[in-house]
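The primary structure of each chain is shown beneath.
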Amino acid sequence: MNTRVIAAALALSSVFALSACATTATAPDDQKNSTATATTTETSKPAQDPVLLPNGSAKDNLYYFTWVIEKTLAADPAADSFAVAQAVGAAGFDPATVQFTFSRTAAGLAADTSEVAVQFGGQCLIGQFGPVAPKVISRVLPVLATGGCLLGTEVQSLG
């Protein structure tokens, strides 16, 4: 596998891991408890399915983006990153800006994680999932200087 793809995947994973560590390590005890409560509230099933907020920000649509990925994987746990990327494009996000990484390595093995990203409101919604991720991990990050959301020569695009 290309060294740049591995480096990009590791960098992205590190960003997710470090942001999670920084949030919990620096929060006072009372904030940790309120965060746990907020997380419990967010994960409870809403009365209606979420919808795309076309006039909202990337942050406003992060929950919907994550829900689309989770719903796709719940319907087909073996769905590859291309199928998830297609679902994101079909869910109202601009398919021309949807990017994804391969779900299989050059040796034909299942990748530890896959990423799907889409540009929205001048930012990137990035979701990571796969065998080593216990759940979908998603974040809002800036658009890269290259104009995309994911790094590497193996990054694919719907558009």
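Just so you know, these numbers come straight off a predicted model, no measurement behind them.

S.K.: Go over the overall build of the protein with me, naming the residues and quoting the values.
M.R.: When helices and strands are counted, the protein shows four helices and five strands. Counting from the amino terminus, helix and strand elements in the protein follow one another as α-α-α-α-β-β-β-β-β. Taken over 159 residues, the protein has a buried fraction of 34%. Total accessible area on the protein stands at roughly 9300 Å², and carbon and sulfur atoms take up 59% of it.

S.K.: Report on the sheet that holds strand 4 (residues 137-142), specifying residues and quantitative values.
M.R.: Sheet architecture is open: five strands sit in the order 4-3-2-1-5, paired in antiparallel fashion. The outermost strands of the open sheet, each flanked by one partner alone, are strand 4 and strand 5 (156-157). In the sheet, strand 1 (residues 99-100) pairs with strand 5 via two bridges, with the strands oriented antiparallel. Each bridged residue has a counterpart across the sheet, and for Gln-99 the counterpart in strand 5 is Ser-157. Against the sheet, helix 3 (residues 58-75) engages strand 2 (114-120), strand 3 (123-129) and strand 4, with an angle of about 30° to strand 3. Against the sheet, helix 4 (residues 81-90) engages strand 1, strand 2 and strand 3, with an angle of about 20° to strand 2.

S.K.: With reference to specific residues and values, describe the confidence of the model for the protein.
M.R.: In the predicted model, the protein carries a mean pLDDT of 80, and 71% of its residues have values of at least 70. This model gives residues 1-42 a pLDDT under 50, and the stretch forms 25 contacts once residues within four places in sequence are excluded.

S.K.: Which residues make up the packing of helix 3 against helix 4, and what are the values?
M.R.: Packing of helix 3 against helix 4 leaves a shortest axis separation of 9 Å and a crossing angle of 135°. When the axis of helix 3 is compared with that of helix 4, the two are oblique. Of the two possible hands of crossing, helix 3 and helix 4 adopt the one that is right-handed. Each of Phe-65, Val-68, Ile-69, Thr-72 and Leu-73 in helix 3 lies in contact with helix 4, whose residues at this interface are Ala-83, Val-84, Ala-87 and Val-88. Among the residues making up the contact of helix 3 with helix 4, the classes are represented as eight nonpolar, one polar and no charged.

S.K.: Give a detailed account of the state of the cysteines, specifying residues and quantitative values.
M.R.: Scanning the model with the defined rule gives one disulfide in all. At a sulfur-sulfur separation of 2.1 Å, the disulfide partner of Cys-124 is Cys-149. The sign of the S-S torsion, about -85°, decides the handedness of the disulfide formed by Cys-124 and Cys-149: left-handed. Here the residue Cys-124 occupies a position in strand 3, and Cys-149 occupies one in the loop between strand 4 and strand 5, the gap between them amounting to 25 residues. Residue class for Cys-124 comes out buried when judged on its relative accessible area of 0%.

S.K.: Explain the side chain of Thr-66 to me, and be specific about the residues and the numbers.
M.R.: Along the chain, Thr-66 turns up in helix 3. Side-chain polar atoms of Thr-66 contact the side chain of Ser-138, separated by 2.5 Å.

S.K.: Outline helix 4, supporting the account with residue identities and numerical values.
M.R.: All buried positions along helix 4 are accounted for by Ser-81, Val-84, Ala-85, Val-88 and Gly-89. Down the axis of helix 4, the smallest arc covering the buried residues is 140°, so these residues share one side. Lining the buried residues of helix 4 we find helix 3, strand 1, strand 2 and strand 3. One or two steps after helix 4, the chain reaches Gly-92, where phi turns positive at roughly 110°.

Thresholds, definitions, all that
Residues numbered from 1 in each chain as written. Predicted model: local features only at pLDDT ≥ 70, side-chain atom pairs only at ≥ 80, totals over all residues. Heavy atoms only, no water. Helix = DSSP H or I, 4+ residues; strand = E, 2+ residues; numbered from the N terminus. Buried < 20%, exposed > 50% of the residue type's maximum accessible area, 1.4 Å probe, protein only. Areas by Shrake-Rupley, 256 points an atom, 1.4 Å probe, with all protein chains shown as cover. Pairing = 2+ DSSP bridges. Contact = heavy atoms within 4.5 Å. Axes fitted to C-alpha atoms, helices over the stretch in contact; angles between N-to-C directions. pLDDT = per-residue confidence, 0-100. Parallel < 35°, antiparallel > 145°, perpendicular 65-115°, else oblique. Left-handed = near helix turned anticlockwise from the far one by under 90°. Nonpolar A, V, L, I, M, F, W, Y, C, P; charged D, E, K, R; others polar. Disulfide = S-S within 2.5 Å. Polar contact = N/O pair within 3.5 Å; in protein donor to acceptor, adjacent residues only side chain to side chain. Arc of directions from axis to C-beta.

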